[in-house]
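Structural features, examined
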Amino acid sequence: MFNRGKRAQKVQQEFDRRISELGDALSEKAVSPSLKDNMVLTKRLFDGMDLIKYKSLTVKGASLDCFLMFCDGMVDNEMINQSIVRPLMVRKVEGDGPVLDALAAQVLQVADMRRETRYSEIVREVMSGNTVLFVDTCAEAIVLSTKDYVVRAVDEPENEKSLVGPREGFTESLLHNLSQIIRRVHTNELKVKMLTIGRRTKTSVCVAYFDSLVDKKLLGRLLDQLNAIDIDGILDVNYITELIRDNKYTVFRTTGYTERPDTVIGKLLEGRIAIFVDGTPMVLTVPYLFIENFQSSEDYYFNYFYSSFSRWIRILAFFLTVTVPAFYISTVAFHQEMLPLNLLIRIAQEQQAVPLPAALEAVIMLLIFNVLRETGVRMPSNIAQTLSIVGVLVIGQSAVEANLVSAPMIIIVAATGITSLLVPKLNAPVIFWRFALLAFSTAFGFFGFAIGFSLMIMQINNLSSLGVEQTVLSGHFRVSANEDVFVRLPWFLLNKRPPMITSNFTRQGGGSDG
Amino acid sequence: MVRRLTATLLLISSMLTLCGCWNYRGLDQLSIVVGLAVDYDKESRLYRVSYEVVDLSGTNKEAAIQSKIITSSGETLFEAGRNAKKKEADRLFLGSAQVLILSLDLVRERGVLDVIEWFLRDAECRESMCVAISQEKTAEEILISSENMSGMMSAILREIIMEDNEVTSSAPHVELFQIYNDLNTPVHCVAIPALRRVKANDSDVTELNGSAILHHDKYMGMLPPELGKYLLILQNEFKSGLITVAMPDKPEDLATLEVFDQKAKIDFKRDGDQLAFDIKTMTIAAVMENKSYVNLMERDQVAYLEDVAERHIEEKIRELVYRSQHEYKTDIVKFGEIIYKRDKKYWDEIGERWDEIFPTVQVNVTSTVEIRNVGFIK
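Residues numbered from 1 in each chain as written. Chains lettered and ligands numbered in written order. Predicted model: local features only at pLDDT ≥ 70, side-chain atom pairs only at ≥ 80, totals over all residues. Heavy atoms only, no water.

Quick look at the overall build of chain B now. Along chain B, the regular secondary structure elements total 13 helices and 13 strands. Referenced to the eigenvectors of the C-alpha coordinate spread, the extents of chain B come out at roughly 70 × 65 × 55 Å. Every one of the 378 residues in chain B was classed for burial, and the buried ones make up 52%. Within chain B, contacts between residues separated by at least 24 positions form 67% of all contacts whose residues are at least 6 apart in sequence. Roughly 18,800 Å² of accessible area belongs to chain B as shown, and the carbon and sulfur atoms make up 50% of that amount. Charged side chains in chain B number 46 positive and 62 negative. The centres of these two groups are separated by 4 Å. (Helix = DSSP H or I, 4+ residues; strand = E, 2+ residues; numbered from the N terminus. Buried < 20%, exposed > 50% of the residue type's maximum accessible area, 1.4 Å probe, protein only. Contact = heavy atoms within 4.5 Å. Areas by Shrake-Rupley, 256 points an atom, 1.4 Å probe, with all protein chains shown as cover. Lys, Arg positive; Asp, Glu negative; His and termini not counted. Charge placed at Lys NZ, Arg CZ, Asp CG, Glu CD.)

Encoded structure:
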């Protein structure tokens, strides 16, 4: 066992060494003036990659050989034919200057182009849908932007539907997503910084913020953390979340996720930083405050009273969904005197007929509920009906009629389930703390409940995102910091940005715009 | 401020949850006791405790909840309670007990403190349990349900007793802890509601019938229900009730007033050693039933009715005071407490001798009745 582990380790080390050698070799290689050399090298680099297409040409007038290289399926063929191949074959180069300058200025009908000498970059450009033109005698290649690949159409995000307000959602294309942002923000204050993360995927990651609103210290910290990431691939924003979070093992969220451009801009306007990752419609926003778990973009589009009310309901739902099963077990198994007589008798009647003790029953029913929920998420929608029948009839009605489960327990589980749907952003902590509190309550009744609940509050109070405390329970109470916390004030009173996030907190009516 | 707020919230939530026992006892292992009756056997010197227990065996959810009686004996109450386990599979759970009924024999023999002491000491029982005294031979009889009164007797009895001052006002109700408190006030007396069985349509029902008067934990007599009403008035506990008055010149002519608002005020005057109390009562009422010759359409006749009602109330209060001074020799109206509160120094002088002084105290009563509504129907 030990030997095998050691051998596997050795193999892995050897493998890593070769990979890094290949990478190093690639990054050291530069474009050679000899077209033949370049041809041989590129062919070797893309050996076994049949999607790479080459096209050899002769530049008219200069009578120079050249070749184009692109990745099939990632490019706009029409554009390559009309704006690159055709002009190269038809247009005559005039004047004496360097060939590449002349080509760029007179022949190639592509607006977005640049020179490149490093092979590592060339590989990346080809693999992301650009066309590379090598010309004989030139130690540089021209990278022409010809990206065109299939993207999902813009539609309403499934998980963040809203009744009012914008309906657009992000897609999997980074540039399209950024365009949706820029379409709504017409200012040079919006900064968009591009990074590449992932040793193998070389995923484009983009950090966006408002220059005047963002806290520069937080931005610097975030960029440092992003640059320090060393991972082979990034497929979704959650990779970044888990790599940059302050509380490593917490079950609570430390970054905001959204699929909605309007939400991202709302967050940016409060001084937050957004992180876009190519290939996913989810966008991260940091720093994340705990109250954001209960906020929704609709809050800002509906009447302020209704929004505040729904926010209370969501906060209440969080506490209910976490505490209801534990509270029930505490009263039923430890503190029966807390129940009014008639309720006590009804529950006792049910308990008398049921074989399992209440606590075990609760655990089993909650697990069944989670199974049902998970099934509901994973299964194709056309069998949804079957599932609800199984859930309702088999587990609900039959179990109660057969006296396997007590009816109050079904009600408790249903209440727990329904309230949990109100706070989807707190899914993980809700499940974790619900079972934790249940365990405490089963062991010590309300005494255990109090301990467990205090621990949960402590954990929440210790959360931070990008070094910013998620909940502020110490210090002085400032109205300005709570304009959008427990209530959402009407827009004409919502004058300040959250002061924990930004130092430029005057949103409106402050005279000079910050 | 947020810190203080958080601390307060944490304190409150801890206080709510950090109480009670922490041993797991499933509801399926408990017999829920809804009421208790305690008897005392003089010869064997045993307490006999009857527990009314919810009968959970019937799983038929539509039917009314039934109960059964479990009886056990022991030299002390606690022992009797433990002895019940010999007859019952599940442990008795006293946390939801609604009433405690004591037999008159027990009260005569041993007083109430003997019994109440254990209930107050035990953590499981509610101190707000409602206490009553059985006028029948045993206390257990009161708990036995009949055709006319089925279901949980204890819950029914509790409602009868607790809601009395909102409907009929015939006897003040007391809870467990109040008895202990009242017996330890300067006047050392308490009135505990009394229950009896009466026949109705071939089967028995339990009825509230006045109060038992206790002084220094000794039984002094029964206060009839019609005087209980005036005791409630003087204690300002009278919420709603009826006052029926007869015309002085024609006793068969009756009028019933429903009382809307009732206030009583007691003042005391001291002249040397001579004590005098002034009782003033204010009643706002409406005429709800008029079987007398009084013509309610006439202003002066209504005033006459008011006058009659005033005399009636004064007379009844005087009777109550007279009986408490001479029959029970117990200060149930708690005049002594008024002295204690207003003139502590003087009370320290006479407190010791209050039981002798009280029967000689002079009491003046003035009542005003305002008829606000006569219900025009003619």
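To continue, consider the overall build of chain A. When helices and strands are tallied, chain A shows 16 helices and 12 strands. Taken over C-alpha atoms, the radius of gyration comes to 30 Å for chain A, far larger than the 24 Å a tight globule of 514 residues would show. When the backbone C-alpha atoms are referred to their principal axes, chain A occupies close to 100 × 70 × 45 Å. Counting across all 514 residues of chain A, residues that qualify as buried make up 45%. Once local pairs closer than 6 in sequence are excluded, the contacts in chain A between residues at least 24 apart make up 65%. Carbon and sulfur atoms form 59% of the exposed surface of chain A, whose accessible area is close to 25,600 Å². Distance from the positive charge centre (52 side chains) to the negative charge centre (53 side chains) of chain A: 2 Å. (Rg over C-alpha atoms; globule rule 2.2 N^0.38 Å.)

Right, let's get into the sheet that holds strand 11 (residues 250-271) of chain B. All names here are of chain B. Strand order in the open sheet formed by 4 strands is 10-11-12-13, with mixed pairing between adjacent strands. The sheet is open, and its two borders are formed by strand 10 (241-247) and strand 13 (362-373), each paired with just one other strand. Taking each pair of neighbouring strands and ignoring which way they run, the sheet shows an average axis angle of 40 degrees. As paired elements, strand 11 and strand 12 (residues 274-291) share 17 bridges and run antiparallel to each other. Its bridge partner being in strand 12, Asp267 is matched across the sheet by Asp278. Sheet strands touched by helix 9 (residues 225-234): strand 10, strand 11 and strand 12. Its angle to strand 11, the strand with the most contacts, is close to 45 degrees. Packed on one face of the sheet, helix 11 (residues 335-342) meets strand 11, strand 12 and strand 13 and runs near 35 degrees to strand 11. (Pairing = 2+ DSSP bridges. Axes fitted to C-alpha atoms, helices over the stretch in contact; angles between N-to-C directions.)

It is worth spelling out a nonpolar patch on the surface at this point. Taken together, Tyr304, Phe305, Phe309, Trp312, Ile313, Leu422 and Phe486 of chain A make up a surface patch of nonpolar side chains, about 700 Å² in accessible area. You can call Ile313 of chain A partly exposed: its relative accessible area is 34%. (Patch = residues over 30% accessible without salt bridge, like charges linked within 9 Å, V, L, I, M, F, W, Y side chains within 5 Å. Salt bridge = Lys/Arg side-chain N within 4 Å of Asp/Glu carboxyl O.)

All names here are of chain B. With respect to the helices, strands and loops of the structure, Lys229 is situated in helix 9. Buried and unpaired, Lys229 has no salt bridge, with Glu226 as the nearest side chain of opposite charge at 8.3 Å. With residues near it in sequence (within four places) discarded, Lys229 still touches Thr168, Ser169, Ser170, Phe238 and Leu242.

Residue and element names in this part refer to chain A. Residue position: Tyr239 is located in helix 8 (residues 237-244). Taking the relative accessible area as the measure of exposure, Tyr239 reaches 32% and is therefore partly exposed. Linking Tyr239 and Ile229, residues 10 residues apart in sequence, is a C-alpha distance of 9.9 Å. Not counting chain neighbours up to four residues away, the residues in contact with Tyr239 comprise Ile231, Gly233 and Ile234.

All names here are of chain A. If you trace the 5 strands from one edge of the open sheet to the other, you get 6-7-9-10-8, paired in antiparallel fashion. Sheet topology places strand 6 (190-197) and strand 8 (256-258) at the edges, where each strand pairs with a single neighbour. Each strand of the sheet is rotated relative to its neighbour by a mean of 25 degrees, with strand direction disregarded. Note: strand 7 (residues 203-210) against strand 9 (residues 273-277), 4 bridges, orientation antiparallel. In the sheet register, Val207 faces strand 9, and the bridge partner there is Ile275.

We now examine the side chain of Ser162 of chain A. All names here are of chain A. Structurally, Ser162 is set in the loop between strand 5 (141-144) and helix 6 (174-182). We classify Ser162 as buried; its relative accessible area is 8%. Only 3.4 Å separates the side chain of Ser162 from the side chain of Arg260, close enough to count as a polar contact. Sequence-distant contacts of Ser162, that is, excluding residues within four places in its chain, are made with Glu156, Arg167, Arg260 and Glu298. (Polar contact = N/O pair within 3.5 Å; in protein donor to acceptor, adjacent residues only side chain to side chain.)

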